[in-house]
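Survey of secondary and tertiary structure
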Amino acid sequence: MTMPGTSQANPGGEAEAAGARVVPIRGAAARVIVVIPARDEEADVGTIVGKVLALGFGAVVVDDHSSDGTRAVAREAGATVLELPFHAGSWAAIQAGMRYAQHCPCSHVVTLDADGQHNPEDIPGLLGLMAANDAPNVVIGACVGRANRRRRLAWRALRWLSGLRIDDLTSGFRVYDRTAVDLLVSQQHTLIEYQDVGVLLCLGHAGLNIAEVDVSMQPRCHGMSRIFNSWPMVAYYLLYSALIGSSRRRRVKGETT
Amino acid sequence: MIPLQVFAGALAAAMVVLILWMIRRDRLPVSHSLWWLTVSVMIALFGLVPELLDALAGMVGIAYAPSLLFVLAILTLLIKVLLEDLELTTNRRRLLRLAQKTAILEEEVRQLRERVEGQS
């Protein structure tokens, strides 16, 4: 079920980073650290970690107090695992990973869902955009193709409410550069509930550039599945986004160019 | 003294005693007690001098003075609850920060230990 065989993908990683202030992790010398928030994902997390390590990236799995073997499976696969002491939500988990990555000499942080909907092999493509001269601060791996009615409606509403011109606002597949990471780890942004509109508005507010790339279709290519499963959840989510969007909208417009 | 004054005075006095007792037992921090002591003073004030309420009601144009009392009481509680919510949010933020930090430190300790054991 898991892929333990790929953990030796970064031999010498520890030695290279030995001078760093913080304990080097497997793959800490990596240029890119992939943060994977996981909650009860023991079925897929091992495979994903294996793929990430095989690409030469560092893998940090943030276990959001799972009740299954997510931690063990992720460790077995070679990831660094941060264990949250209680269920803190996916954004708090991602932020924990970012705070960890901040101590490592990495240039970019990638976030990826642990349920297999995002393919780690798409990461180099997203990073390619970061290499350009006027590189964006954040690249979103968008997955617009297969969306059901609920999601299309939600997306449209979100675009309208937030004033953001982004197709896939809810995608959890993103690349952040150091500027974006340094901004997002602040405690001011700890209470954001979802990793989408709130985070994007805060990035836009700071004047950072956000780009979007369409990534290949996975069999289960659907971000935020738990949210879009039921209408009451969609309603709460939209209300949340409406409030956060409308309360910050004007500031965003005023400061971005 | 009319019965109302006795009742209000006793109520306010009991509240003050209760709050002082809770401070003494370290159940209530002094900062929180100030709010409740102010409330007891207000109870005493409006109970012992009912004319005050009538005058105040006349000033803000409320015909039935006792309803002003309810308005004030509800307003006081609303403000208190809102302040509590703010504090709860601050605490939740701190809790999440601590949880993140704990997770990070735990992992670092684990790795350090692994490395030390590997060396020896």
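Shown above is the structure to which this text applies.
Our subject in this report is the structure included herewith. Remember, it's a predicted structure, so these values are computed and weren't measured experimentally. (Residues numbered from 1 in each chain as written. Chains lettered and ligands numbered in written order. Predicted model: local features only at pLDDT ≥ 70, side-chain atom pairs only at ≥ 80, totals over all residues.)

Structural notes on the overall build of chain A
A tally of helices and strands in chain A yields nine helices and seven strands. By residue count, 50% of the 257 residues in chain A fall in the buried class. Across chain A, contacts joining residues at least 24 apart in sequence account for 77% of those joining residues at least 6 apart. (Helix = DSSP H or I, 4+ residues; strand = E, 2+ residues; numbered from the N terminus. Buried ≥ 20, exposed ≤ 12 C-beta atoms within 10 Å, placed from the backbone. Contact = placed C-beta atoms within 7 Å.)

Comments concerning the interface of chain B and chain A
Across the contact, 15 residues belong to chain B and 19 residues belong to chain A. Counted by class, the side of chain B that touches chain A contains five nonpolar, four polar and six charged residues. (Nonpolar A, V, L, I, M, F, W, Y, C, P; charged D, E, K, R; others polar.)

Concerning helix H4 (residues 90–102) of chain A
If you check H4 of chain A, its first and last C-alpha atoms are 18 Å apart, about what 13 residues at 1.5 Å a residue would give, namely 18 Å. For H4 of chain A, the full list of buried residues reads Ser90, Trp91, Ala92, Ala93, Ile94, Gln95, Ala96, Gly97, Met98, Arg99, Tyr100 and Ala101 of chain A. Packing partners of the buried residues in H4 of chain A comprise strand S1 (32–38), strand S2 (58–63), strand S3 (80–83), strand S4 (108–111) and helix H7 (178–184) of chain A together with helix H4 (65–119) of chain B. (Expected span 1.5 Å × (residues − 1).)

Focus: the sheet that holds strand S6 (residues 174–177) of chain A
Across a sheet, strands are paired by hydrogen bonds formed along the backbone, either parallel or antiparallel in direction. Residue and element names in this part refer to chain A. Strand order in the open sheet formed by seven strands is S3-S2-S1-S4-S6-S5-S7, and the pairing between neighbours is mixed. Both edges of this open sheet fall to S3 and strand S7 (210–214), since each of them pairs with a single strand only. On average, each strand axis in the sheet is inclined to that of its neighbour by 20°, with strand direction left out of account. Of the strands in this sheet, S1 and S2 touch helix H2 (residues 45–54), which is tilted by about 155° from S2. (Pairing = 2+ DSSP bridges. Axes fitted to C-alpha atoms, helices over the stretch in contact; angles between N-to-C directions.)

Side note on the nonpolar core
Residue and element names in this part refer to chain A. In this structure, Val34, Val35, Ile36, Val60, Val61 and Val62 are the most contacted members of the largest nonpolar core, which totals 69 residues. Per element, the largest residue contribution to this core is eight residues, and it comes from H4. The contacts of Val62, once residues within four sequence positions are left out, are Val35, Ile36, Pro37, Ala38, Leu82, Leu84, Ala93, Ile94, Ala96 and Gly97. (Core = buried A, V, L, I, M, F, W, Y, C linked by C-beta atoms within 7 Å.)

Remarks on the pairing of S4 of chain A
Residues and elements named next belong to chain A. Side-chain alternation along S4 places His108 and Val110 on one buried face and Val109 and Thr111 on a second face that is also buried. Direction of pairing for S1 relative to S4: parallel, over a ladder of four bridges. The residue bridging Ile33 from the neighbouring strand is Val109, located in S4. Bridge count between S4 and S6: four bridges; the pairing is antiparallel. Residue pairing in the sheet places Val109 in a bridge with Tyr176 of S6.

Let's talk about the packing of helix H3 (residues 50–60) of chain B against H4 of chain B
Residue and element names in this part refer to chain B. Taken N-terminus to C-terminus, the directions of H3 and H4 make an angle of 85°; their axes are 8 Å apart at the nearest point. With respect to each other, H3 and H4 are oriented roughly perpendicular. Where H3 abuts H4, its residues Leu53, Asp54, Leu56 and Ala57 lie against Ala65, Leu68 and Leu69. Per-class residue counts for the contact of H3 with H4 are six nonpolar, no polar and one charged. (Parallel < 35°, antiparallel > 145°, perpendicular 65-115°, else oblique.)

A closer look at the environment of His32 of chain B
Residues and elements named next belong to chain B. In this structure, His32 sits in helix H2 (residues 30–48). The partly exposed category is assigned to His32, around which 16 C-beta atoms lie within 10 Å. Separated by 24 residues in sequence, His32 and Leu56 have C-alpha atoms that sit 28 Å apart.

A short note on the environment of Tyr237 of chain A
Residues and elements named next belong to chain A. Along the polypeptide, Tyr237 turns up in helix H9 (residues 231–255). Residue class for Tyr237 comes out buried when judged on the 21 C-beta atoms lying within 10 Å of it. For the pair Tyr237 and Arg174, spaced 63 residues apart in sequence, the C-alpha to C-alpha distance is 20 Å.

So, the packing of H4 of chain A against H4 of chain B
Packing of H4 of chain A against H4 of chain B brings their axes to within 9 Å, and their N-to-C directions diverge by 50°. On the basis of the axis angle, H4 of chain A is oblique to H4 of chain B. Relative to H4 of chain B, the crossing made by H4 of chain A is right-handed. Contact residues: H4 of chain A offers Ala92, Gln95, Ala96, Arg99 and Tyr100 of chain A, while H4 of chain B offers Leu96, Gln100, Ala103 and Ile104 of chain B. (Left-handed = near helix turned anticlockwise from the far one by under 90°.)

Describing unusual backbone geometry
One non-glycine residue, His65 of chain A, lies in positive phi territory at about 55°. Of note, His65 of chain A is situated in the loop between S2 and helix H3 (70–76). Backbone geometry at Asp26 of chain B places phi at a positive 60°, although glycine is not the residue there. We classify Asp26 of chain B as exposed; it has 7 C-beta atoms within 10 Å.

Nothing here speaks to function; it is all geometry.
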